[in-house]
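Take a look at the letters that make up each chain.
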Amino acid sequence: MPTRAPDRAPRDLNQSATTGGVGDSPTRPDGSLKVKGEFAYSSDLFMDDMIWGATLRSPHPRALIHSIDVAAALKLPGVYAVLTHEDVPGHKFYGLDTRDQPVLAVGQVRHQGEPVALVAADHPETARRALKLIQVDYEVQEPVVDPRRAVFDPQCPLVHDDGNIVRHQPVRVGASPDDPAVRAQCAVVVSGEYEVGIQDQAFLGPESGLAIPAEDGGVDLYVATQWIHWDLLQIAPCLGLPEEKVRMTLSGVGGAFGGREDLSMEIHAAMLALRVGKPVKMVYNREESFFGHVHRHPALMTYTYGATAEGKLVFADVEIVLDGGGYASATPNVVGNAASLGVGPYVVPNIKIDAYGVYTNNPPCGAMRGFGAVQACFAYESMMDKLAAELGLDPVTIRQRNVVAQGDKLATGQVVEAPAPVAEMLDTLKALPMPAPADTSDLRNLPGSTANATHGEGVVRGVGYGIGVKNICFSEDFDDYSTARVRLELLGDTVGALVHTAAAEVGQGLITIEAQIARTELGVEQVSIHPADSSVGTAGSSSASRQSYMTGGAVKTACEAVRAAVFERIAQDHGRAYDDLSLAGGKIVSHAEGVIGTLEEVLAAGPIEQTREYHHHRTQRMDPFTGQGNSHTQLAFAVHRAVVDVDVELGLIKVVALDLVQDVGKIMNRLSLEGQLHGGSAQGLGLAVMEEIQVRDGKVRNPSFTDYLIPTILDMPPMRMEILENADPRAPYGLRGAGEPPTLSSTPAIAAAIRDATGLDLRRVPIRPEDLTEGRTDA
Amino acid sequence: MDFLRPATWAEALTARAERPDAVPIAGGTDVMVELNFDRRRPGALLDLNRIPALRQWTRDPDGTIRLGASVPYARIIDELRTDLPGLAMASRTVGSPQIRNRGGVGGNLGAASPAGDTHPVLVATDAVIEVESAERGVRAIPATEFYLGVKRNAMAADELIKAVLLAPAKGPQQFSKIGTRNAMVIAVCSFAVALDVAARKVGAGIGSAAPTPRRPFEAELFAADALPWDSRADLDPRIATRFGELVAAAAAPIDDVRGTAAYRRHALSVMGRRTLTWAWREHQSSQSCQSSKELT
Ligand SMILES: Cc1cc2nc3c(=O)[nH]c(=O)nc-3n(C[C@H](O)[C@H](O)[C@H](O)COP(=O)(O)OP(=O)(O)OC[C@H]3O[C@@H](n4cnc5c(N)ncnc54)[C@H](O)[C@@H]3O)c2cc1C
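Residues numbered from 1 in each chain as written. Chains lettered and ligands numbered in written order. Predicted model: local features only at pLDDT ≥ 70, side-chain atom pairs only at ≥ 80, totals over all residues. Heavy atoms only, no water.

## Observations concerning the site of the ligand
All names here are of chain B.
Phase 1: As a matter of local geometry, the ligand sits amid 32 residues, with Pro24, Ala26, Thr29, Asp30 and Tyr73 nearest to it.
Phase 2: The backbone of glycine 27 places a nitrogen or oxygen atom 2.8 Å from an oxygen atom of the ligand.
Phase 3: Within the side chain of asparagine 108, a nitrogen or oxygen atom sits 2.8 Å from an oxygen atom of the ligand.
Phase 4: Notes on the ligand: free accessible area 980 Å², of which the protein chains cover 90%.
Phase 5: Only β2 (22-25), α2 (31-36), α6 (105-111) and β10 (160-166) provide two or more residues apiece to the shell around the ligand.
Phase 6: Looking at which element gives the most residues to the shell around the ligand, the answer is α6, with 4 residues.
Phase 7: Looking at side-chain class alone, the shell around the ligand contains 18 nonpolar, 11 polar and 3 charged residues.
Phase 8: Two domains each provide a minimum of three residues to the shell around the ligand, namely domain 1 (1-46) and domain 2 (173-287). (Near = heavy atom within 4 Å. Polar contact = N/O pair within 3.5 Å; in protein donor to acceptor, adjacent residues only side chain to side chain. Areas by Shrake-Rupley, 256 points an atom, 1.4 Å probe, with all protein chains shown as cover. Helix = DSSP H or I, 4+ residues; strand = E, 2+ residues; numbered from the N terminus. Nonpolar A, V, L, I, M, F, W, Y, C, P; charged D, E, K, R; others polar. Domains from an automatic or database assignment.)

Printed below as a string of structure tokens:
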């Protein structure tokens, strides 16, 4: 147990609401705290005797390190320690799946911003001064920056000794696209080259946390993460400690979106704390944060499709190159998604896909909302529009002629087992009312808004559609199970339930849903949520839209076990068996005999606590040569229609409508769900028209919110949404993960609407003003 | 770092002279960003927020508006939109409501960023910057001479900006800015135009398309000559287009993270054309309003 807890450490969160089961929309317990600025984020942790850690980072994307001289930094008054890779107590490398990433650079750096040394000092300012005194002797090398070269050019320098390709995943179905017999079936063949820039998660709470050295030689870590136990598996070996001596508590998470799947300051703060014997706090600033986490993989994608005159797809020939940057991170899984979903939710009889993830010296990329699927979706949806245009078909029609339905097969051969009424979803979407023409009397309705760029001149409206399919939960034979401990007890004279999991609430509303499930399953009102920590079993990651499914499933299962124990007690007390009991309103109810007891009575004998794991059904690895296999746990579908006003002379954009139809299986909490769908759509909008980490020669040019732009309320329109509930029989309550699918479909829908307005063949997102005005002569 | 808080203008000038290592701070919306990112660690901050005169605007006997250096943008928008429509429009595009509540023109001038939104208006309307030092007293610097380079201005080390002197609008004014987001965005480029109806003159200013704000003199002279002042007829679109071309020709933009030089030039030509057209249309309708008023 920790010797001391810091100020503003997480506590049990009592739900502000006492009613609201599955399907209701109780308010979230962290909601009003966040709105009022009272919520304790990991950057708010505090201890009187804590000192501050800081990180020296490489200014070069690729360089050898000949020496590091820390003498001058150590002499600075107020400095407690300066550490390099030589001070790493255990393993010097870690990584999500591939342990290729040094805790601190060993002899070389592979990306700009790579951590090289650490300082602990009495004040953040002192620590920063000390960083400047560390002398690193770099031998700068020419960075590898072209991902295609990393795949195809045997002369390309190696970023890691074992080759530049992190994963190559082919998919092969039917005959080769080059087969003359296949070509003979095609009335049209269209090709496109597509590119996706580097998007950032742009969470508002930068990387931060506190490490407290413990008396047993271990460390207590208070950090903001997405998966406590996976962190632990990486942290403990690097610290040279057994896992039980590294105790982790989730602190307030200021957004994640995938950017907290990889470690950032955790091992560093723990190393400093163990070395100095004092609590060490680390907080990145905004600029450092851009170097402190992985981003969305940029992608280069080449597509060729053949189709019949009716618009039925005959073949797809696809190459996708994803740039993972200096370290592997989630690249293998990103490649798996891009390959398995490379042609999206369409039935294609002949497929050749080659998806590659590579090492370069560009910024490291890994997990971000919808990974792999987002990049592919922009390309395959652009291709569907291209095909529609070539055949003179409507974009909705071409999609409906090819889209999967229940019982159809994906490119991997996996059968879509749950309901998949995507064609009908498109009908619903198309029938939604169109927005009125822009009211030009208010500049805020026009592209450029109050910047007064147009009063309506040059403004053309366009409409576009997009469909996304996302795999929910981890894929490819990964058993990403979740654990929940539920305790039912008397608190004075009321009955309360305490739910304890290690699942990360990252803002998505999970803890609200955990309480709703407990209320529904146990028939109680008072539910508290224990802080997420490593004293309970793993919950898996808050990613892949999986926590409602997996931790929701674990909480449900644990509640069922608690309920069974309650029934057992009452059966024992009454000396007889019942087979028709339920819990409601704190009472034990027999279907035949009515109320037979109360929870108070049953719990007078002591609390009931049960811990349960929840595992989803097993999936398979993709075949390394054909990509075939039932690789995905669940599939979720979203369809967007974007209506966009484009100032075609200035290239400025106003998204007027971004309407959505999504199937979520079961609406667990409509308010939270709508927030996820809005947010996911907005993140897709950002990728479509503004969000990009710009890189030149491996260096980031815009590591700030001044120049890395994310949508504001004037960029994001109000959304019309139709949310469907076609249950997936294998999932708890029939639910489907919901957070990612809208991020996929909104980007291509907006891009299609801009193409519709401008007539341009836009092949890259984000779309910049100059992409729309290049070559225009309408001065 | 010392925090100096003069209570009067005289004290502020003395402190400025005595502490060359002090950085003045008004709204702090530029200064605090620099401090947070550790780009600057001055020996002292010279806080100007206790000096009421800097937060006031007054009207001189000749009508000139004397805008205190720290009058926040939000008040310029609310209180001066009729007298200074161009400046109010530019103010409306600065940052977010929070920034507009804190920041002001003095800070924009002090920072002298090429992307500052008020600069094109100040040069287009012949504004004068009033600076003062304890030793040499007041000095009036025309806006066109104030900007010396990227983040460099004509203030001496011991001077502070006291006020900006602006004539009430002598005709329609317009300001237009390009940003790649619909709010809270630094200008890719910007443009201001001001008609002086009585003098039949046109002032213009280009922002964020050269190291300093620029006046496109050729464009101004062309428009002054070509506008149908006598007939108040509709503007021949070819005149507006030519004006836009001359505006673009006067710029010296670069490629950077916010946009390409070619785009900036193109956008300036469109903004020049559109803003002149709007200004002229406003001129026509205000004239017709006046004459219809005279009739009733
Ligand atoms: C989120 C954000 C968005 C922004 N958006 C925009 C935008 O859209 N457009 C834009 O133009 N700017 C923008 N800015 C920059 C800034 O808000 C403006 O430049 C503003 O005008 C600065 O005014 P201030 O009073 O806050 O200046 P301060 O930060 O207090 O000072 C700025 C500079 O002026 C000097 N200074 C201030 N007053 C005086 C004086 N009386 N005498 C001498 N020197 C003085 C200071 O020493 C400093 O060098 C933005 C800033 C932020 C943080």
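## Some details on the domain arrangement of chain B
Phase 1: By the assigned domains, chain B splits into domain 1 (1-46) and domain 2 (173-287).
Phase 2: For domain 1 of chain B versus domain 2 of chain B, the distance between C-alpha centres works out to 36 Å.

## Let's talk about helix α10 (residues 237-250) of chain B
Phase 1: Between its first and last C-alpha atoms α10(B) spans 20 Å; for 14 residues at 1.5 Å apiece the expected length is 20 Å, and the two agree.
Phase 2: For α10(B), the full list of buried residues reads Ile239(B), Ala240(B), Phe243(B), Gly244(B), Leu246(B), Val247(B) and Ala248(B). (Expected span 1.5 Å × (residues − 1). Buried < 20%, exposed > 50% of the residue type's maximum accessible area, 1.4 Å probe, protein only.)

## A word on the sheet that holds strand β30 (residues 652-663) of chain A
Residue and element names in this part refer to chain A.
Phase 1: Here we have 4 strands laid out as an open sheet, ordered β21-β29-β30-β33, and mixed in their pairing. In this open sheet, the two edge strands, each paired with only one partner strand, are β21 (459-472) and β33 (721-724). This sheet shows a mean twist of 20° between the axes of neighbouring strands, independent of strand direction.
Phase 2: As paired strands, β21 and strand β29 (residues 634-647) are joined by 14 bridges and run antiparallel to one another. Counted as the bridge partner of glycine 462 is valine 644 from β29.
Phase 3: Against the sheet, helix α12 (residues 422-431) makes contact with β21, β29, β30 and β33, and its axis sits at roughly 30° relative to β29, the strand it touches most. (Pairing = 2+ DSSP bridges. Axes fitted to C-alpha atoms, helices over the stretch in contact; angles between N-to-C directions. Contact = heavy atoms within 4.5 Å.)

## Section: the interface of chain A and chain B
Phase 1: The partner chain B presents 36 residues to the 44 residues of chain A that form the contact.
Phase 2: Roughly 3200 Å² is buried in total at the junction of chain A and chain B, and carbon and sulfur atoms are behind 49% of that figure.
Phase 3: Where chain A meets chain B, there are 8 salt bridges.
Phase 4: With a shortest N-O distance of 2.7 Å, Arg274(B) and Glu649(A) are connected by a salt bridge.
Phase 5: Linking chain A with chain B are 23 residue pairs in polar contact (both at pLDDT 80 or more), by the criterion used here. (Buried area = accessible area lost by both parts, 1.4 Å probe. Salt bridge = Lys/Arg side-chain N within 4 Å of Asp/Glu carboxyl O.)

## Regarding the domain arrangement of chain A
Residues and elements named next belong to chain A.
Phase 1: Per the domain assignment, the segments of chain A are domain 1 (31-39 + 481-614), domain 2 (51-141 + 206-253 + 260-292) and domain 3 (295-475 + 621-773).
Phase 2: One C-alpha centre belongs to domain 1, the other to domain 2; they are set 38 Å apart.
Phase 3: The interface is formed by 18 residues belonging to domain 1 together with 14 residues belonging to domain 2.
Phase 4: Of the roughly 1100 Å² buried where domain 1 meets domain 2, counting both sides, 58% is carbon and sulfur surface.
Phase 5: Linking domain 1 to domain 2 there are 0 salt bridges.
Phase 6: Scanning the region where domain 1 abuts domain 2 turns up 6 residue pairs in polar contact (both at pLDDT 80 or more).
Phase 7: Of the residues in the side of domain 1 that touches domain 2, the class split is 9 nonpolar, 7 polar and 2 charged.

## Regarding empty space enclosed by the protein
Residue and element names in this part refer to chain A.
Phase 1: According to the stated counting rule, one finds 6 cavities of 30 Å³ or more in the structure shown.
Phase 2: Volume-wise, the largest cavity comes out at about 220 Å³.
Phase 3: Taken together, the elements giving at least two residues each to the lining of the largest cavity come down to β6 (101-102) and α8 (286-292).
Phase 4: By residue class, the composition of the lining of the largest cavity is 10 nonpolar, 8 polar and 3 charged.
Phase 5: Residues lining the lining of the largest cavity come from more than one domain, with at least three contributed by each of domain 2 (51-141 + 206-253 + 260-292) and domain 3 (295-475 + 621-773).
Phase 6: Elements with a contribution of two residues or more to the lining of the second largest cavity: β30 and α16 (670-689).
Phase 7: With 3 residues, β30 is the largest single contributor of residues to the lining of the second largest cavity.
Phase 8: Residues that form the lining of the second largest cavity fall into these classes: 8 nonpolar, 4 polar and 2 charged. (1 Å grid on protein atoms, 1.4 Å probe; cavity = no way out; pocket = protein on both sides within 12 Å on 5 of 7 lines; lining within 4 Å. Points joined across faces, edges and corners; volume = space filled by probe spheres on them.)

## Details of the pairing of strand β5 (residues 65-68) of chain B
Residue and element names in this part refer to chain B.
Phase 1: Here strand β4 (residues 57-59) pairs with β5 via 3 bridges, running antiparallel. The partner of tryptophan 57 across the bridge, within β5, is leucine 67.
Phase 2: Connecting the antiparallel pair β4 and β5 is a turn made up of 5 residues, with glycine 63 showing a positive phi of about 95°.
Phase 3: Inspection of the sheet shows β5 paired to β10 by 4 bridges, in the antiparallel sense. Across the sheet, residue glycine 68 finds its bridge partner in β10, namely alanine 163.

## Points about the environment of Leu510(A)
Residues and elements named next belong to chain A.
Phase 1: Take leucine 510: it is sitting in helix α13 (residues 510-522).
Phase 2: A relative accessible area of 2% places leucine 510 in the buried class.
Phase 3: Remark: the alpha-carbon pair of leucine 510 and glutamine 547, spanning 37 residues in sequence, is separated by 7.1 Å.
Phase 4: Apart from residues no more than four positions distant in its own chain, leucine 510 is found in contact with Ala503, Ala504, Glu505, Gln547, Ser548 and Thr551.

## Some words on the packing of aromatic side chains
Residues and elements named next belong to chain A.
Phase 1: Per the stated rule, a full pass over the model turns up 16 aromatic pairs over all chains.
Phase 2: Put simply, the rings of Trp227, Trp230, Phe474 and Phe478 pair up and form one aromatic cluster.
Phase 3: Lying across the ring of tyrosine 284, arginine 57 places its NZ or CZ 4.8 Å from the centre.
Phase 4: The ring of phenylalanine 371 carries lysine 470 above its face, with NZ or CZ at 6.0 Å from the centroid. (Phe/Tyr/Trp six-rings, centres within 6.5 Å; stacked < 30°, edge-to-face > 60°. Lys NZ or Arg CZ within 6 Å of the ring centre and 35° of its normal.)

## Some details on the pattern of salt bridges
All names here are of chain A.
Phase 1: Overall, the coordinates contain 69 salt bridges over all chains when judged by the stated rule.
Phase 2: Here aspartate 354 and lysine 352 are joined by a salt bridge, their closest N and O atoms 3.7 Å apart.
Phase 3: Residue lysine 352 is classed as partly exposed on the basis of its relative accessible area of 27%.
Phase 4: As a salt-bridge pair, lysine 430 and aspartate 394 come within 3.8 Å of each other at their nearest N and O atoms.

## Comments concerning the packing of α16(A) against helix α17 (residues 741-758) of chain A
All names here are of chain A.
Phase 1: For the pair α16 and α17, interaxial distance at closest approach is 7 Å and the crossing angle is 45°. As far as their axial angle goes, α17 and α16 are oblique. Every pair of crossing elements has a handedness; the one defined by α16 and α17 is right-handed. Judged by residue contacts, Gln676, Leu677, Gly680, Ser681, Gln683, Gly684, Leu685, Leu687, Ala688 and Val689 of α16 engage Pro742, Thr743, Ser746, Thr747, Ile750 and Ile754 from α17.
Phase 2: When grouped by side-chain class, the residues that make up the contact of α16 with α17 number 8 nonpolar, 8 polar and no charged. (Parallel < 35°, antiparallel > 145°, perpendicular 65-115°, else oblique. Left-handed = near helix turned anticlockwise from the far one by under 90°.)

## Let's talk about helix α11 (residues 395-402) of chain A
Residues and elements named next belong to chain A.
Phase 1: Burial in α11 covers these residues: Val396, Ile398, Arg399 and Asn402. The arc enclosing the buried residues of α11, seen along the axis, measures out at 165°, which places them on a common side.
Phase 2: Packing partners of the buried residues in α11 comprise β18 (313-323), α10 (373-391), α12 and β21.
Phase 3: A distance of 2.8 Å separates the backbone nitrogen of valine 396 from a side-chain oxygen at the start of α11, and that oxygen is part of aspartate 394. (Arc of directions from axis to C-beta.)

## Quick notes on the packing of α13(A) against helix α14 (residues 547-574) of chain A
Residues and elements named next belong to chain A.
Phase 1: Between α13 and α14, whose axes approach to 9 Å, the crossing angle comes to 30°. When the axis of α13 is compared with that of α14, the two are roughly parallel. The handedness of the crossing between α13 and α14 comes out as right-handed. Along its contact with α13, which presents Leu510, Ile513, Glu514, Ile517, Ala518, Glu521 and Leu522, the element α14 presents Gln547, Ser548, Thr551, Gly552, Val555, Lys556, Cys559, Glu560, Val562 and Arg563.
Phase 2: In terms of residue class, the contact of α13 with α14 is built from 8 nonpolar, 4 polar and 5 charged.

## A closer look at the sheet that holds strand β1 (residues 13-14) of chain A
Residues and elements named next belong to chain A.
Phase 1: With mixed pairing, 5 strands are arranged side by side in an open sheet as β1-β24-β23-β22-β28. Taken across any chain shown, the strands that pair with only one partner, and hence form the sheet edges, are β1 and β28 (608-614).
Phase 2: Judged from the 4 bridges that link them, strand β23 (residues 494-500) and strand β24 (residues 526-529) form a sheet pairing that is parallel. Considered in β24, the bridge of glycine 496 is made with glutamine 526.
Phase 3: Taken strand by strand, α13 contacts β1, β22 (482-491), β23 and β24, and its axis lies near 145° from that of β24.

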